[in-house]
Amino acid sequence: MKSHRCHAVAALVLLGAVTAALGQQQINSSQMATSLAGVSNTRLSLTGAQMRQAVLDNIHNYPGTLPPRPLTFPQMENMAQFVVEVDFDFNSAVIRPSSYRTIGSIADALHNPILLGYGFLVIGHTDSVGGRQYNVGLSQRRAEAIRDALIDPFGVNPGVLEAVGMGEEQLRDPAHPTSGVNRRVQLVNVGKKFCFGRSGEQFVCP
Amino acid sequence: MIRRFLLCALFAAAAVPAWAQTMSYADAISQLAAACKNDIARYCKGVPLGPRLKTCFDANGARMSPKCQQTRSAVYASISRRAAAQRNIGDVCSADIARLCDTSHADAHLVECLVSVSPAALSQQCGQTFNDTGWRTERARQ
């Protein structure tokens, strides 16, 4: 487990460098799997429902065309994760064929044996084009579209995936709110969900 | 017993020959995107990647380009074969694991063990299913 931890840290650092240097360059499934593996043994103390509520509260408490302050989840910063770009049709949750490979790579990563039994958040983010409330719905539908494709045809266990739409509440580049870098999908390892007994039987971890 | 029968039926029904390797999901689905991009735009516009895309292919396949038709059969066969192998490896290889591995099955140690033993030591069905999971090549790339 220790070596996985080192790999994961290295991959996250590498990911930052690669993203900064090459912009559109995407990571492959092995890099995704190591980015998601074993950084922390703790489970995320935050549910998808709580995150969705926090998004709505942020819009209600800090109104404006743009979010006056970004929504942050400090609990999530230490969780193993990565970010990819996925192309959707305009104003739609339909993934473009140009991004099919990215979804396939995520499926390869989630099926990697080192991630067996872990749970994941699929978090969708939009840029600032369109209303904030509308973007929450759009990013939720987009995150669900990715979840749906990972389940069928790629066979990821539905019980380990939760989709959350962040809308534009966490812009990656607040100085350029309409920039494409804000449109992204975040995969977060939320910790072990299913455990396995001596004879291979699966149960929800205590 | 019923499970074993279903597994056999599943393998018999797969369009991929038993000796063929399955593709990674990334390779499989990007072949589909490359070969069927125009057909998807024409016949399956607005259809999400997922179960509904396969339904759209099934409904419109005959009208699509021969290259797309051929590719999508191979792609979906490979994807479902790999997914079934990853789902069923613990059951298919349970006897091999009990014989060869000092571990409970269905976790990462299972793969370490199956990679470390000679392919010849595995039963034919377990060896084939393990190949189909793609984990042998996945492990080699790390």
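Residues numbered from 1 in each chain as written. Chains lettered and ligands numbered in written order. Predicted model: local features only at pLDDT ≥ 70, side-chain atom pairs only at ≥ 80, totals over all residues. Heavy atoms only, no water.

**Q** Could you give an account of the overall build of chain A, naming the residues involved and the relevant values?
**A** Within chain A, the secondary structure is distributed over five helices and six strands. Its helices and strands taken in sequence order, chain A reads α-α-α-β-α-β-α-β-β-β-β from the N to the C terminus. Per-residue burial for chain A yields a buried fraction of 51% across its 206 residues. The contacts of chain A with a sequence gap of at least 6 include a subset with a gap of at least 24, amounting to 76%. Of the roughly 9300 Å² of accessible surface on chain A, a fraction of 57% belongs to carbon and sulfur atoms. (Helix = DSSP H or I, 4+ residues; strand = E, 2+ residues; numbered from the N terminus. Buried < 20%, exposed > 50% of the residue type's maximum accessible area, 1.4 Å probe, protein only. Contact = heavy atoms within 4.5 Å. Areas by Shrake-Rupley, 256 points an atom, 1.4 Å probe, with all protein chains shown as cover.)

**Q** Now, about helix H2 (residues 25–43) of chain B: what can you tell me, with residues and values included?
**A** Its 19 residues give H2 of chain B an end-to-end C-alpha distance of only 23 Å, which falls more than 12% under 27 Å, the value for a rise of 1.5 Å per residue. Where H2 of chain B bends most, at cysteine 36 of chain B, the angle is about 70°. Within H2 of chain B, burial applies to Tyr25, Ala26, Ala28, Ile29, Ser30, Leu32, Ala33, Ala35, Cys36, Asp39, Ile40 and Tyr43 of chain B. Its buried side turned inward, H2 of chain B meets helix H4 (100–110) of chain A together with helix H3 (51–60) and helix H4 (66–92) of chain B. (Expected span 1.5 Å × (residues − 1). Bend = angle between axes of the 7 residues up to and from the residue.)

**Q** Describe the pattern of salt bridges, with residues and values.
**A** All told, the structure shown has 10 salt bridges over all chains when counted by the stated rule. Between aspartate 27 of chain B and arginine 101 of chain A there is a salt bridge, with the nearest N and O atoms lying 2.8 Å from each other. Separated into two different chains, aspartate 27 of chain B in helix H2 and arginine 101 of chain A in helix H4 make up a pair that spans both. According to the relative accessible area criterion, arginine 101 of chain A is partly exposed, its value standing at 37%. The partner of arginine 82 of chain B in a salt bridge is aspartate 108 of chain A, and the shortest N-O contact between them spans 4.0 Å. Of the two residues, arginine 82 of chain B sits in helix H4 while aspartate 108 of chain A sits in helix H4, which places them in two different chains. Per residue, the accessibility class of arginine 82 of chain B equals that of aspartate 108 of chain A, and both read buried. (Salt bridge = Lys/Arg side-chain N within 4 Å of Asp/Glu carboxyl O.)

**Q** A description of the sheet that holds strand S1 (residues 81–84) of chain A should follow, citing residues and the corresponding values.
**A** Where strands meet in a sheet, backbone hydrogen bonds hold them as pairs that are either parallel or antiparallel. All names here are of chain A. What the four strands build is an open sheet, ordered S1-S4-S2-S3; its pairing is mixed. Of all the strands in the sheet, just S1 and strand S3 (161–165) have a single pairing partner and so form its edges. Ignoring strand direction, the axes of neighbouring strands in this sheet form an average angle of 20°. This element, helix H2 (residues 29–36), spans S1, strand S2 (118–125) and strand S4 (184–192) of the sheet and lies at about 140° to S1. (Pairing = 2+ DSSP bridges. Axes fitted to C-alpha atoms, helices over the stretch in contact; angles between N-to-C directions.)

**Q** How would you sum up unusual backbone geometry? Please name residues and give values.
**A** All names here are of chain A. Backbone torsion omega between aspartate 152 and proline 153 reads 20°, so that peptide bond is classified as cis. Following the sequence through the fold, proline 153 ends up in the loop between helix H5 (132–151) and S3. Backbone geometry places asparagine 91, a non-glycine residue, at a positive phi of 55°. Along the chain, the position of asparagine 91 falls in the loop between S1 and H4.

**Q** Mind laying out the confidence of the model for chain A, listing which residues take part and the relevant values?
**A** The share of residues in chain A with pLDDT of 70 or more is 83%, and the mean pLDDT across the chain is 85. Considering only residues more than four positions removed or in separate chains, one finds that residues 1–24 of chain A, a stretch of pLDDT under 50, has 25 contacts. (pLDDT = per-residue confidence, 0-100.)

**Q** Just give me the short version of H4 of chain B, but keep the residues and values in it.
**A** For an α-helix the count is 3.6 residues per turn, leaving residues at separations of three or four pointing the same way. Taking 1.5 Å as the rise per residue, H4 of chain B with 27 residues should run 39 Å; its terminal C-alpha atoms sit 36 Å apart, in good agreement. Of all the bends in H4 of chain B, the largest measures some 40° and sits at glutamine 86 of chain B.

**Q** If you had to explain the pairing of S2 of chain A to someone new, which residues and values would you point to?
**A** Residues and elements named next belong to chain A. Counting buried residues in S2 gives eight out of eight residues, a clear majority hidden from the surface. The two faces of S2 match: Tyr118, Phe120, Val122 and Gly124 on one face and Gly119, Leu121, Ile123 and His125 on the other face are all buried. As judged from the eight bridges shared by S2 and S4, these two strands associate in the antiparallel manner. Across the sheet, glycine 124 pairs through a bridge with valine 185, a residue of S4. Looking at chain direction, S2 and S3 are connected through five bridges and run parallel. For phenylalanine 120, the partnering residue across the bridge sits in S3 and is leucine 161. Assessed by its sense of winding, the connection that carries the chain from S2 through H5 to S3 is right-handed. (Right-handed = clockwise from strand over helix to strand, strands pointing away.)

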